[in-house]
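# Residue-level structural notes
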Amino acid sequence: MPYDGALVQDYLGKTHAGSLLTDREKHLVGLAVTMTRGCQVCTRNRSVKARAAGIGDEVINALVEVVAAVNAGVTAATAREAFRVADESEAEACGTLCSAEGSNGR
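Bear in mind the structure is a predicted one, so any value in this text is a computation, not a measurement. (Residues numbered from 1 in each chain as written. Predicted model: local features only at pLDDT ≥ 70, side-chain atom pairs only at ≥ 80, totals over all residues. Heavy atoms only, no water.)

### Thoughts on the side chain of Arg46
With respect to the helices and strands, Arg46 occurs in helix α3 (residues 40-52). No salt bridge is formed by the buried Arg46, whose closest oppositely charged neighbour, Asp23, lies at an N-O distance of 10.0 Å. In contact with Arg46, other than residues within four places in its own chain, are Leu12, Thr15, His16, Lys26, Gly30, Leu31 and Thr34. (Helix = DSSP H or I, 4+ residues; strand = E, 2+ residues; numbered from the N terminus. Buried < 20%, exposed > 50% of the residue type's maximum accessible area, 1.4 Å probe, protein only. Lys, Arg positive; Asp, Glu negative; His and termini not counted. Salt bridge = Lys/Arg side-chain N within 4 Å of Asp/Glu carboxyl O. Contact = heavy atoms within 4.5 Å.)

See the structure below:
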């Protein structure tokens, strides 16, 4: 079955359909999400659209700092929780996804 981008296009259309956020806010949220997801192509495209919407590089750079700080905080909190669970006598099972066999040695 070939790839059908209609679902993606539908979701992208919905991102701009709501009226509670301004277009500026929608651009900034979308850009923050693409940076967090790590998609360079999407981040580039969202950056171009944000600039076209009048969002300056100083705001985009400030957004990068916030996104980086939030992601660093989440990473630290995730690691702390993992260490806490590891120290417990009965650690929760992660399943095959986290096992050496499930990750094919990656």
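The structure having been displayed, the exposition proceeds.
### A look at the side chain of Thr43
Residue position: Thr43 is located in helix α3. Classification of Thr43 as buried rests on a relative accessible area of 17%. When near neighbours in sequence (up to four residues on either side) are disregarded, Thr43 contacts Leu31, Thr34 and Met35.

### A few points about the packing of helix α2 (residues 23-37) against helix α4 (residues 57-87)
Between α2 and α4, the shortest axis-to-axis distance is 10 Å and the interhelical angle comes to 45°. Relative to α4, the element α2 lies oblique. Pair α2 / α4 crosses with right-handed handedness. Across from Arg24, Leu28, Leu31, Ala32, Met35 and Thr36 in α2, the residues of α4 making contact are Val59, Ile60, Leu63, Val64, Val67 and Asn71. (Axes fitted to C-alpha atoms, helices over the stretch in contact; angles between N-to-C directions. Parallel < 35°, antiparallel > 145°, perpendicular 65-115°, else oblique. Left-handed = near helix turned anticlockwise from the far one by under 90°.)

### Overview of the pattern of salt bridges
Following the criterion strictly, the structure yields three salt bridges and no others. The closest approach of N and O atoms between Arg51 and Asp57, which form a salt bridge, is 2.7 Å. Where Glu81 meets Arg84, a salt bridge forms, and the shortest distance between an N and an O atom there is 2.4 Å. Placement of the pair is Glu81 and Arg84 together in helix α4, with a separation of three residues, close to one helical turn. Owing to a relative accessible area of 38%, Glu81 belongs among the partly exposed residues under this scheme. Residue class for Arg84 comes out partly exposed when judged on its relative accessible area of 38%.

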